[in-house]
Structure formats: C-alpha cells, structure tokens
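Remarks on the overall topology
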Amino acid sequence: MRYAKRGPLRFTSHRDFARAFERALRRAGVPVAFSQGFTPHPKISYASAAPTGVASEAEYLEIGLRAEVDPGELRAALDAALSPGLDVLDAVVATGGSLADRIEASRWRIELPEVDPAVLERAVSAFLAADEVRVERMTKQGRRAFDARAAVMSIDVLPAVDPPSGAPAVSCAILEMVVRQVTPSVRPDDVLSGLRAVADLEPPVPPRVIRLAQGTVTAQGAIADPLEADRDGATIG
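Throughout this document, residue positions are counted from 1 along each chain, in the order its sequence is written. Predicted model: local features are reported for residues with pLDDT of at least 70 only, side-chain atom pairs are reported and counted for 80 or more only, and whole-chain, interface and lining totals are derived from all residues. Heavy atoms throughout the structure, all of them, feed into the side-chain values; hydrogens and water do not.

Points on a 1 Å grid, built from protein atoms alone, make a cavity when a 1.4 Å probe fits but cannot get out and make a pocket when they are open with protein on both sides within 12 Å along at least 5 of 7 lines; residues with an atom within 4 Å of a point are the lining residues. Grid points are joined across faces, edges and corners, and a volume is the space filled by probe spheres set on the points. Counted as a void, the largest pocket has a volume near 600 Å³. In terms of lining, the largest pocket is formed by 23 residues, of which the most central are A49, P51, R137, S185 and R187. Here a helix means four or more residues in a row that DSSP labels H or I, a strand means two or more in a row labelled E, and each is numbered from the N terminus. Every element with two or more residues in the lining of the largest pocket is listed here: β5 (105-113), β6 (134-139) and β9 (172-180). With three residues, β6 is the single largest residue contributor to the lining of the largest pocket. In the lining of the largest pocket, the residues fall into ten nonpolar, seven polar and six charged. Taken as a whole, the second largest pocket encloses approximately 420 Å³ of empty space. Side-chain classes are defined by residue name, with Ala, Val, Leu, Ile, Met, Phe, Trp, Tyr, Cys and Pro counting as nonpolar, Asp, Glu, Lys and Arg as charged, and the others, Gly among them, as polar.

Quick look at the structure:
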C-alpha cells in the first residue's frame, strides 16, 4: 500500500501513525493476520518511513491478511478510517518479493523560504564538487559522523515559484534531489547540514520538506513505482 502524510499530519511520528493505522484496520473490519506467540502483533511491515515533520506522497507498507479482499475496497475503507492528511492512495495484491528490496532511493523536494536561489546554486555546486561531506547526527546508537555526499545521486535547484497574487514577493529557493538508501540513512536535513558545512548556507526559517517518490532508479534516473510489479495492467485506487 502507498499512503501520504500531508499538512499538519506530517508531524505525526512513525509510532503514532502505526497506532492510528492499527485502529483504522479494526475500524474498517480488515481481516488482518497476526503473528504467533504469547504477544501476537498484526502483520504490518513499514518501508523506510519519512522523518517526523516531513510531508510525503510516497510512504509504503505491507500487511498480511487472513482472507482475500478487493484492493480497491480495502484502500477506500482504510482511507475513510484514517484522519484527513493520512491518506491511503494505492493498494495492490503482493505477488512475491520483499517491498523493502524494491526501494533503493527517494526523491525529495526542499523549499527554502527567504533563501536566494543564486546562493543555493553556489552551495549546491560546492557540495557536488566535494569528494566527501562529513556531517553529524544523533542516532539511537549515539552521535554519529557520516558522509552525506556519497548517497546523493542528483541534486538540482529548481526555478523559483511565483508567490500567490497579492502575497509579498519573498524569495523561495527550491531544491530537488534523489538520495540512495544507505546505512546510516542520509536524510534531507543531513544534506542541508552538508550545504552548511561546505558553503555556510543557513536558512533563516525552517525548510519545508516533502518526499515525492520512493522506489528503484531507472537508467534514465527516474524513480520506478515499487507497486508496479504487482499490477495486472491496471491501477487500483
């Protein structure tokens, strides 16, 4: 299944979403399968959840069921049972293979209000020219240092979007990048830390980050839909 985190619901943590999704399964009467043992858990597997505070149009999960259901009906029932902003977009019957094995990179968009696109262009050029860009982040294993440059497959500054009619003309630089799944994972904030390290780029206000896609990378550099292999020639949902 593919779902989105939009608007204020982007601040939902992965743990909170998991609880909300399990409640939605019960509310929708989904015949979910459970693990064996003394403390059975619903068979749900999440693939590379976005960080808290990051919006996404491409979050993925797998669920095991005790009985066959129509994917379109399942998608609609779960979408109705979740809060607006946590939106189930697509569902297919898995035909084999791990969903996690079909996700090797993500495409991200970062909007940087009050940042001059020309300044961002120079920072990106310095980032790309570096052989290695070391950054630090606190992880479950403590503070770790790692290379933010190696995981970035492409990074581009997009043309600035005109402000809405009547809005003050505030510059907004837009960054779009494809980042490979690695361990430890390289997140959008790590790339921003890298831009700060190589070019002293300091956004004056918090950036707006959205994941646009996840999947395998084609020869043309596009991100392939990880659910495509399970379709029977038609889109569900």
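Still to come is the rest of the account.
Turning our eyes to something else, we now look at the packing of aromatic side chains. Side-chain rings of Phe, Tyr and Trp, where Trp is taken by its six-membered ring, are said to pair if the distance between their centres is within 6.5 Å; with planes under 30 degrees apart they count as stacked, over 60 as edge-to-face, and otherwise as tilted. Inspection of the entire model under this criterion finds three aromatic pairs. Pairing F17 with F21 gives two aromatic rings, centres 5.8 Å apart and planes at 25°, and the pair type is stacked. Taken as a pair, F17 and F21 lie in helix α1 (residues 14-27) at a separation of four residues, close to a single helical turn. Residue classification places F17 among the buried positions, given a relative accessible area of 2%. For each residue, the accessible area found with a 1.4 Å probe, counting protein chains only, is set against the maximum for its type, and the residue is called buried under 20%, exposed over 50%, and partly exposed in between.

Here we take up helix α3 (residues 117-129). Here α3 is 13 residues long and its end C-alpha atoms lie 18 Å apart, about the 18 Å a rise of 1.5 Å per residue gives. Listing the buried residues of α3 in full gives L120, A123, V124 and F127. Buried residues of α3, seen end-on, are gathered within an arc of 100° and therefore sit on one face of the element. Among the exposed residues of α3, those oriented more than 90 degrees off its buried face are R122 and A129. To estimate how far a helix should reach, multiply one less than its number of residues by 1.5 Å. Comment: arc refers to directions from the helix axis out to C-beta atoms.

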